[in-house]
Amino acid sequence: MVIFSVYLVNKAGGLIYQYDNYVPRAEAEKTFSFPLDLVLKHHDEKVVVSFGQRDGIRVGHAVLSINGVDVIGKNTAEGKDILEYLKDASNYPVSIRFGRARLSSNEKLMLASMFHSLFAIGSQLSPDAGSSGIEMLETDVFKLHCFQTLTGIKFIVLADPRQSGIDALLRKIYEIYSDFALKNPFYSLEMPIRCELFDQNLKSALEIAEKAGNFGAGS
Amino acid sequence: MTVHNLYIFDRNGNCLFYNEWNRKKQAGISKDEEFKLMYGMLFSIRSFVSKMSPLDMKEGFLSFQTSKYRLHYYETPSGLKFVLNTDLSVSNARDTLQHIYSNLYVEHIVKNPVCVLGHGLDSELFSSRLDAFIRALPYYSPRAA
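Residues numbered from 1 in each chain as written. Chains lettered and ligands numbered in written order. Predicted model: local features only at pLDDT ≥ 70, side-chain atom pairs only at ≥ 80, totals over all residues. Heavy atoms only, no water.

A. Focus on the packing of helix H2 (residues 105-124) of chain A against helix H1 (residues 31-52) of chain B. In the contact formed by H2(A) and H1(B), the axes pass within 10 Å of each other and the chain directions differ by 145 degrees. Of the two elements, H2(A) crosses H1(B), and the hand of that crossing is left-handed. Residues A:Glu107, A:Leu111, A:Met114, A:Phe115, A:Leu118, A:Ile121, A:Gly122 and A:Gln124 of H2(A) lie in contact with H1(B), whose contacting residues are B:Leu37, B:Met41, B:Ser44, B:Ile45, B:Ser47, B:Phe48, B:Lys51 and B:Met52. (Axes fitted to C-alpha atoms, helices over the stretch in contact; angles between N-to-C directions. Helix = DSSP H or I, 4+ residues; strand = E, 2+ residues; numbered from the N terminus. Left-handed = near helix turned anticlockwise from the far one by under 90°. Contact = heavy atoms within 4.5 Å.)

This is the structure:
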């Protein structure tokens, strides 16, 4: 029962705070000989598996490191193109680590803005009058909870589907935001939050929520 | 406890079927635009979810809820998308949507030699059976709560 991450989005849809509490990294490192039995392709500045799922290496997993050295985008650490490198038989046997690609901060910004728009469309397409935007989005591995305040700030929490007490947690994060970000005289509204006390208190609130499974007394 | 409406989209984004039972508020745009917006929203949600997900997913996006309604989603391996809007009391309509696909769509549309896949579904038998099925659901009541 775990809380994966917390995102804060301002009125305009820009990401102002992001915290990854628990990032499960399922990675698989294997040694391969020529020819490579996986089909790799370029996708979004990364090299991903397109076909050939086996042994913990799934379609969509990205190449994370070659022979123990982390790759940089589409190239190895020395700057050679990965696909070219792997076509050359003299480079084998080679040890490659595959795993889910980590989100870069740019990607997180884009995803937060994407959600901001989806939230609004969810409200527009409502078959019933007076609907809010998307408050909870469910998939088979995580649940995304969103709380929008009256001032338009969205608090987004990604958690395990079975985790309870997230509504109270969202309200608690709002309290922490107003106590340690808004009351901070050096913090400007709608800007990225860089307040130490906010970080500390958020972390402890998440710990309490995970342990208790049910946060907050009363209401 | 009620079902608001149902959309069926094909893999190219064309809306093959739409029916409403208890819709209280129209979207304020034409039906064509609404279908495009709905498909676009689902496409974006699927892409969003696959990037955001901390673990590898098997089934992907299942449903979302707002303060007033819940949208249930089911996609077949052939790219056919079934979208059902219900009120908040319905927690899981995946089996319903799967039933609509395998017992109604496949039986009455795919196996119908006259129906051209990819265009609007104009099989009356399909519409009437679907209507009867929805009305017979345990969580459907003609007077919305």
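B. Structural detail: the interface of chain B and chain A. The interface is formed by 38 residues belonging to chain B together with 37 residues belonging to chain A. Counting each side, the surface lost to burial between chain B and chain A is near 3600 Å², with a carbon and sulfur contribution of 63%. For B:Lys24, the salt bridge identified is with A:Asp128, shortest N-O distance 3.2 Å. On inspection of chain B and its partner chain A, the count reaches 19 residue pairs in polar contact (both at pLDDT 80 or more). Mapped onto the side of chain B that touches chain A, the elements with two or more residues apiece are strand E1 (3-9), H1 and strand E3 (61-65) of chain B. Looking at the side of chain B that touches chain A residue by residue, the classes come out as 16 nonpolar, twelve polar and ten charged. Taken together, the four bridges between strand E9 (residues 136-139) of chain A and E3(B) define a ladder with antiparallel strand orientation. In the sheet register, A:Thr139 faces E3(B), and the bridge partner there is B:Phe61. (Buried area = accessible area lost by both parts, 1.4 Å probe. Salt bridge = Lys/Arg side-chain N within 4 Å of Asp/Glu carboxyl O. Polar contact = N/O pair within 3.5 Å; in protein donor to acceptor, adjacent residues only side chain to side chain. Nonpolar A, V, L, I, M, F, W, Y, C, P; charged D, E, K, R; others polar. Pairing = 2+ DSSP bridges.)

All we've got here are geometric facts, nothing functional implied.
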